[in-house]
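Here is how the chains run, residue by residue.
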Amino acid sequence: MSRPAPNPFRYGDLAFDEAFTDREAETRELRADVRNGQNVVLFAPRRYGKSSLVWRVMRELVATGDVLVAQVDLLATPSKEKLAEKLASSIYEDMAPPVLRARDKVGSLFSGLRITPRILFDPNTGGVTFSFEAGHAREDVDATLERLFELPAQIAAERRQRAALVFDEFQEVVEIDPHLPALMRSVFQRQSEVAHIYLGSKRAMMHRLFNDENEPFWRSAKQMELGVIHPDLFAPFIVRCFDRTDRRIDATLVERVLAVTRGHPYATQELCYFLWEEVPEGFSATDADVGDALAAVLRSENAHFSRIWDKAARGQRLVLQALAAEPDRPISEEYRRRHSLPSDATVRKAIRALSDDELVVRTADGYRIAEPFFAEWALRYES
Ligand SMILES: Nc1ncnc2c1ncn2[C@@H]1O[C@H](COP(=O)(O)OP(=O)(O)OP(=O)(O)O)[C@@H](O)[C@H]1O
Ligand SMILES: [Mg+2]
């Protein structure tokens, strides 16, 4: 007897293969941009699927042998030394020609660096890690990074391939060092054949980095904005995922799910994950299952939402509760009166802080809470 299929929905990790849906236009566009060596900045709120999209495109380009791709996640590199380590590691793993990957040749790959990294070989995995110790002079660290930023273009040219350099969570760049953008840009602007891809959330910061003319990255990349996955495209994906297993869902219930999540990629996968768990083997999802799944999601997210709530100032909490009850409305005088909100100035300040933290997003009609379940949670929260 074959084993029953596992839950087909996934949230948290990157969405690959069967867990990935839609984004066809974005995939095509990004693929062409990378091949052209065009720099791209990809904006989207948290959990919209930025990393999944870029990795899907990059994996495909690498598999077809078109492009060499190095990548760094700036959330994982709180210092310039750590950034140098991760970059060296990706250049070694993903770009270096096989002859330079041999144990006795690794050193020569990085021989031109001002600071020589310590190279560690893991005998169990065969893996190689690089470490740049702290305590070096600033100029030496900068010179080392500068050289590392130059290497992908050089290796790609030697291997007669194109190169792409991906920076995930790019909004962190100024946390690492406020001068880092200038250093990066001074190198990258000379690499017209390399596609530099920047992904980030914290809209305000990302927009400032790329749209403020005093910033080194000002207008240095094509801007791409990732929205939610349209419910018309998400719906067949959800049905297909259920169909792959021993459980079913009909169109009206899929609609109910999507009415809650509005096509938010992470939230949709999360609610579907819990919903699939509610449905017994061999059965179809019911209305009650959707209600139970939603309650289960809120329980599971309670710690996360409580933390956000605890950190929010009083004015912000009031605005969150108002927006949870009545989204998509501008914060007008009338609205403030209806929801007993404080002064215009206080509400504006709260909205600004909440937008910077991406807790609320601006829509054509005003503002609403970004995460679908947070709105539900805030409504049920008894202060
Ligand atoms: N194309 C997609 N199809 C289906 N689900 C998706 C898709 N893209 C993202 N998701 C869902 O959203 C979740 C978050 O995706 P991902 O980590 O790529 O987003 P992100 O924008 O990079 O998030 P973060 O801001 O946390 O870095 C995934 O775990 C998956 O559940
Ligand atoms: Mg990401």
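Residues numbered from 1 in each chain as written. Chains lettered and ligands numbered in written order. Predicted model: local features only at pLDDT ≥ 70, side-chain atom pairs only at ≥ 80, totals over all residues.

Draft legend 1. Structural detail: the overall build of the protein chain. The helix and strand tally for the protein chain stands at 17 helices and nine strands. With respect to the principal axes defined by its C-alpha atoms, the protein chain has extents near 65 × 65 × 35 Å. Burial statistics for the protein chain: of 383 residues in total, 38% are counted as buried. Taking the intrachain contacts of the protein chain between residues at least 6 apart in sequence as the baseline, contacts between residues at least 24 apart amount to 72%. (Helix = DSSP H or I, 4+ residues; strand = E, 2+ residues; numbered from the N terminus. Buried ≥ 20, exposed ≤ 12 C-beta atoms within 10 Å, placed from the backbone. Contact = placed C-beta atoms within 7 Å.)

Draft legend 2. Region of the structure containing the domain arrangement of the protein chain. Per the domain assignment, the segments of the protein chain are domain 1 (23-225) and domain 2 (231-380). For domain 1 and domain 2, the distance between their C-alpha centroids amounts to 34 Å. Counting residues at the interface gives nine residues for domain 1, matched by seven residues for domain 2. Classifying every residue of the side of domain 1 that touches domain 2 gives three nonpolar, two polar and four charged. (Domains from an automatic or database assignment. Nonpolar A, V, L, I, M, F, W, Y, C, P; charged D, E, K, R; others polar.)

Draft legend 3. How the structure looks around the environment of Asp232. Looking at where Asp232 falls in the secondary structure, it is placed in helix α10 (residues 231-243). Through-space distance from the C-alpha of Asp232 to that of Gly263 is 9.0 Å; in sequence the pair is 31 residues apart.

Draft legend 4. Layout of the sheet that holds strand β2 (residues 67-73). Here we have five strands laid out as an open sheet, ordered β2-β5-β6-β1-β7, and parallel in their pairing. Edge positions in the sheet fall to β2 and β7 (222-225), since each of these pairs with one other strand and no more. Taken over all neighbouring pairs, the strand axes of this sheet differ in orientation by 20 degrees on average, direction set aside. Where helix α2 (residues 50-63) meets the sheet, it contacts β1 (40-43), β2, β5 (162-168) and β6 (194-200), and its direction lies at approximately 150 degrees from that of β2. (Pairing = 2+ DSSP bridges. Axes fitted to C-alpha atoms, helices over the stretch in contact; angles between N-to-C directions.)

Draft legend 5. Region of interest: the pairing of β1. Burial along β1 is two-sided: the residues Val40 and Leu42 and Val41 and Phe43 are all buried. With four bridges connecting them, β1 and β6 associate as parallel partners. Of the residues in β6, the one forming a bridge with Val41 is Tyr198. Sheet topology places β1 next to β7; four bridges connect them, and they run parallel.

Draft legend 6. Seen up close, the nonpolar core. Membership of the largest hydrophobic core comes to 105 residues, with the highest contact counts inside it found for Ala164 and Leu275. Viewed by domain, this core spans two of them, domain 1 (23-225) and domain 2 (231-380), each represented by three or more residues. Discounting residues that sit within four places of it in the chain, Ala164 has contacts with Val34, Met58, Val67, Val69, Val194, Ala195 and Ile197. (Core = buried A, V, L, I, M, F, W, Y, C linked by C-beta atoms within 7 Å.)

Draft legend 7. Here's a closer look at the confidence of the model for the protein chain. Scored by pLDDT, the protein chain comes out at a mean of 94, with 99% of its residues at no less than 70. The least confident element of the protein chain, judged by mean pLDDT, is helix α4 (residues 98-101) at 87; the most confident is helix α12 (residues 265-278) at 98. (pLDDT = per-residue confidence, 0-100.)

Draft legend 8. Structural context of the packing of helix α13 (residues 287-311) against helix α17 (residues 372-380). Where α13 contacts α17, the two axes come as close as 10 Å, and the packing angle between them is 85 degrees. Classified by the angle their axes make, α13 and α17 are roughly perpendicular. Contacts between α13 and α17 pair Leu294, Val297, Leu298, Glu301 and Phe305 from the former with Phe373, Phe374, Glu376 and Trp377 from the latter. Taken together, the residues of the contact of α13 with α17 sort by class into seven nonpolar, no polar and two charged. (Parallel < 35°, antiparallel > 145°, perpendicular 65-115°, else oblique.)

Draft legend 9. Broad picture of the site of ligand 1. Taken together, 23 residues form the shell around ligand 1, and within it Gly49, Ser51, Ser52, Pro265 and Gln269 come nearest. Residue assignment for the shell around ligand 1 shows that the elements contributing at least two residues are α2 and α12. In the shell around ligand 1, the residues fall into nine nonpolar, seven polar and seven charged. Both domains that furnish three or more residues to the shell around ligand 1 are identified here as domain 1 (23-225) and domain 2 (231-380). (Near = placed C-beta within 6 Å.)

Draft legend 10. Looking closely at α12. For α12, with 14 residues, the first-to-last C-alpha span of 20 Å sits near the 20 Å given by 1.5 Å per residue. The buried fraction of α12 amounts to 12 of the 14 residues, a majority that puts the element mostly inside the structure. If you check which residues of α12 are buried, you get Pro265, Tyr266, Ala267, Thr268, Gln269, Glu270, Leu271, Cys272, Tyr273, Phe274, Leu275 and Trp276. Buried-residue contacts for α12 involve α10, α11 (251-261), α13 and α17. (Expected span 1.5 Å × (residues − 1).)

Draft legend 11. Seen up close, unusual backbone geometry. Positive phi outside glycine occurs at Arg23, with the angle close to 60 degrees. Locating Arg23 in the fold gives a position in the segment before α1 (24-36). The exposure class assigned to Arg23 is buried, which follows from the 20 C-beta atoms found within 10 Å. Although it is not a glycine, Arg262 sits at a positive phi angle of roughly 55 degrees. Relative to the elements of secondary structure, Arg262 occurs in the loop between α11 and α12.

Draft legend 12. Examining the environment of Val319 more closely. Positionally, Val319 belongs in helix α14 (residues 314-325). Sequence-wise, Val319 and Ile369 are 50 residues apart; in three dimensions their C-alpha atoms are separated by 9.7 Å. With near-sequence residues (within four places) excluded, Val319 lies in contact with Leu341, Val347, Ala350, Ile351 and Leu354.

Draft legend 13. Seen up close, the packing of helix α6 (residues 138-158) against helix α8 (residues 180-188). It is the contact of α6 with α8, at a shortest axis distance of 9 Å, that shows an interaxial angle of 40 degrees. In terms of their interaxial angle, α6 and α8 are classed as oblique. Read as a crossing pair, α6 and α8 show a hand that is right-handed. On the side of α6, the interface is formed by Asp142, Leu145, Glu146, Phe149 and Glu150, while α8 contributes Leu183, Met184, Val187 and Phe188. (Left-handed = near helix turned anticlockwise from the far one by under 90°.)

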